[in-house]
Every structure is written in structure tokens, then in C-alpha cells.
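For reference, the chains in residue letters:
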Amino acid sequence: MTAHIPKAELHCHIEGAAPTVLVRSQADKYGVDIEHLIDGARFVWNDFTSFLSAYDAAAALFRTEEDYALLAQSYLESIAAQGAIYSEVFISPDHARIAGLSPEAYVNGLGEGIRRAREQHGIEGRLIITCVRHFDADAAIDVARFAAARPHPMVTGFGMGGDERIGSHADFARAFDIARDAGLGITTHAGEVAGPESVRDALDHVRPSRIGHGVRAIEDPSLVEHLADTGVVLEICPGSNVSLSVYETFTDHPFTALRDAGVKVTINSDDPPFFDTSLGDEYAIVQNEFGLSDDELLDTTRTALEAAFVDEDTRAQLLAKL
Ligand code: ADE
Ligand code: ZN
């Protein structure tokens, strides 16, 4: 049981955090047939490509500012009940645009959801605007410009998700430069379904302080050493990795090896209902499968707060809760 351990999450996609019950009610609200998307209580997908498609289909059912306010509020409330004190959610204006919602309304709704959850449950939250790798690089520049204009005080970071088997971070360097120059924190997905070369590619071209997943860095010892030396933080999502068959079992997962090598690791849920997990479950996995003690779990929360894209006053207040 890890309920008593304060938790912080750096890597959860808001569209991927919608439970099937909520997605079903959104589908009813908009009269959309989701037979292909949800079977019983499960999202239907069987590999990384079909997972990304299911994610896109679920995202298309959130269409108004209030839809997003409720989604963010309910997600943050759910993890507050599991002991979370802080959460950064990845958000995607491209997905909102495709669903017919302006980026401004999207961000305002999400910010309102954070405000409500904080007021009612004391959990703090921030928004990381992401571009999507399998959409085009020009769209990423538009998203970066939107983020750089600081559309909401809760927007503090910029990142990229999507299919990392496509292209190079070099294609997105300009977008990341725009975001970095505006003072946003930088993170990006790499080393999840692609190998260690994708992590080097990310480090070389977009200079992130954190990497989403990054677990496949383990295949290159000199890269692991580099991550340890430079203090780049990995946003590790063990349940997601096993669900997507990046690793067959938790025994094969490199969480412990990376941590033992001195790499900064954090615990995250990625897209919890898609992978039948939750932030609380991920902390439990790290304790039960990787053997971390309560104090060591608390250390990973501390690492997450130290790496959070948040102002120093808020960081100090959050750290004081540990
Ligand atoms: N978007 C949502 N979840 C993702 C993941 N696990 N990898 C890449 N892009 C994503
Ligand atoms: Zn992710």
C-alpha cells in the first residue's frame, strides 16, 4: 500500500486520462458510435499504432471548454485520492483543434479544472503543451508559438508526444527553440518504442531537461552514463511500457538498472485507463516489482518535484509537504 506516500506526476496525457465511463458519456452526449473504441470497460487497441488511434478517437469526444474542465478536474481529483500532491498534464492543442475547440478555450478549460481540483483537494497542477510527432512539423511550430505566448499562467512547459518511429527531433528543433526562448520547460518522448539513438537524437536537437520514457537508453551504457552525469530526468511509466510490450514483464524493465546507474527516475502513469493503471498503481508497481522502500518512493516524488516545471515558491511549498 502506497496511499500514504505523497506522489507527484510529470507525465500524463490528459486525453489519455479519460476513463472509459467518461468517454462513453461523452460519446452519448455527442451521438457518436464508439463500438470500435471501447469493449466493456476497456479501450480497444493491440499495438502502439492502434493505441495512438484509440487515443485520437477518445480525444475527439472532448469538444468544449467545460468538457476539458471536467476532465482535468476529475483526473486531478482521482489522483489526489491516491496521495498525489502535484501533477503536470500533457495537453495537445492539435487534438482540441481537430475536435473543433480553439486552443484558447482548451487551455482555459484545463486551467479551470486545475483551479477547481486545487480548491477542493489541495492538489497543484500545471500544463505542458505538446506537439504531435506524427502530425507535421509546421503544425508543431504553430503549437510552439501558441505556448510561447503564455496563453495561461498554468502553462509552464512544452513537449512532444506521438509516434517516435517517424522522423527526427531535428525536424522539430525550431518549435522547441521557440518554446525554450519563451522560458518554458522542455521535455520530449524518446526511447519508448524507439531505441537509444532516439534519446541521443532528442538530447542533440531539443536539449530537454526531462525525457518522456527514455527507458531504452539502457541499451547504450555510454548514454546511461551521460544521462546520469547531466542529470536529465526520465519520466518513467512502467505499466505503460509493459502494456505496450516495450518490455514483456516488469522483471525485464530497466527502472532499477537506470536508477542504480545514477539516472534520475520518476514514476508516471502516461495514459492510465488505456493501460489499466493509475498513478497509485504505478507507485505500487515500483514498490512491489522493483523493491523500492517507502523512503525510496518518497525520493522519487522529491526528484519529480525538483524537476517540475513550476515556479520556485510553489516548488518549495510542495517540497515542504514531503
Ligand atoms: N501520446 C499519448 N501517449 C503516448 C505515448 N505513450 N507515447 C507517445 N505518444 C503518446
Ligand atoms: Zn507519454
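Just above, that's the structure.
Model, not experiment: these values are computed from the prediction.

1. Things to note about the pattern of salt bridges
Line of reasoning, step 1. Under the definition given, this model contains 19 salt bridges.
Line of reasoning, step 2. One salt bridge in this structure joins Glu124 and Arg126, with 2.8 Å as the shortest N-O distance.
Line of reasoning, step 3. Residue Glu124 is classed as buried on the basis of its relative accessible area, which comes to 12%.
Line of reasoning, step 4. For the salt bridge of Glu296 with Arg259, the shortest nitrogen-to-oxygen distance reads 3.6 Å. On the criterion of sequence distance, the pair formed by Glu296 in helix α13 (residues 294-307) and Arg259 in helix α11 (residues 255-260) is long-range, its members being 37 residues apart.
Line of reasoning, step 5. Accessibility expressed as a relative area gives 27% for Glu296, which makes it partly exposed.
Line of reasoning, step 6. A network of salt bridges, in which partner residues are shared, links Glu66, Glu112, Arg115, Arg116 and Glu119.

2. As for the site of ligand 1
Line of reasoning, step 1. By nearness alone, every residue bordering ligand 1 is listed as His13, Phe48, Phe51, Leu52, Tyr55, Gly161, Gly162, His189, Glu192, His213, Asp270 and Asp271.
Line of reasoning, step 2. In this structure, a nitrogen atom belonging to ligand 1 sits 3.4 Å away from a side-chain N or O atom of His13.
Line of reasoning, step 3. One of the side-chain N or O atoms of Asp270 is found 2.7 Å from a nitrogen atom in ligand 1.
Line of reasoning, step 4. With respect to the detected pockets, ligand 1 is housed in the largest cavity.
Line of reasoning, step 5. Sorting elements by how many residues they give to the shell around ligand 1 places helix α2 (residues 48-59) first, with four residues.

3. Notes on the pairing of strand β5 (residues 124-132)
Line of reasoning, step 1. Where burial is concerned, most of β5 is hidden: nine out of the nine residues are buried.
Line of reasoning, step 2. Burial along β5 is two-sided: the residues Glu124, Arg126, Ile128, Thr130 and Val132 and Gly125, Leu127, Ile129 and Cys131 are all buried.
Line of reasoning, step 3. Taken together, the six bridges between strand β4 (residues 84-91) and β5 define a ladder with parallel strand orientation. Paired with Val89 across the two strands is Leu127, which belongs to β5.
Line of reasoning, step 4. A crossover links β5 with its parallel partner strand β6 (residues 155-161), the connecting element being helix α6 (residues 137-148), and its sense is right-handed.

4. Thoughts on the sheet that holds β4
Line of reasoning, step 1. Strands sit in the order β1-β4-β5-β6-β7-β8-β9-β10 across an open sheet of eight strands; the sheet is parallel. Only two strands of the sheet have a single partner each, and these edge strands are β1 (7-13) and β10 (264-267). Neighbour to neighbour, the strand axes of the sheet diverge by 25 degrees on average, direction disregarded.
Line of reasoning, step 2. Direction of pairing for β6 relative to strand β7 (residues 185-190): parallel, over a ladder of two bridges. Counted as the bridge partner of Gly157 is Gly185 from β7.
Line of reasoning, step 3. Packed on one face of the sheet, helix α12 (residues 279-290) meets β1, β4 and β10 and runs near 115 degrees to β1.

Criteria and cut-off values
Residues numbered from 1 in each chain as written. Chains lettered and ligands numbered in written order. Predicted model: local features only at pLDDT ≥ 70, side-chain atom pairs only at ≥ 80, totals over all residues. Heavy atoms only, no water. Salt bridge = Lys/Arg side-chain N within 4 Å of Asp/Glu carboxyl O. Buried < 20%, exposed > 50% of the residue type's maximum accessible area, 1.4 Å probe, protein only. Helix = DSSP H or I, 4+ residues; strand = E, 2+ residues; numbered from the N terminus. Near = heavy atom within 4 Å. Polar contact = N/O pair within 3.5 Å; in protein donor to acceptor, adjacent residues only side chain to side chain. 1 Å grid on protein atoms, 1.4 Å probe; cavity = no way out; pocket = protein on both sides within 12 Å on 5 of 7 lines; lining within 4 Å. Sits in = over half its atoms within 2 Å of the grid points. Pairing = 2+ DSSP bridges. Right-handed = clockwise from strand over helix to strand, strands pointing away. Axes fitted to C-alpha atoms, helices over the stretch in contact; angles between N-to-C directions. Contact = heavy atoms within 4.5 Å.

Keep in mind these values describe shape, not function.
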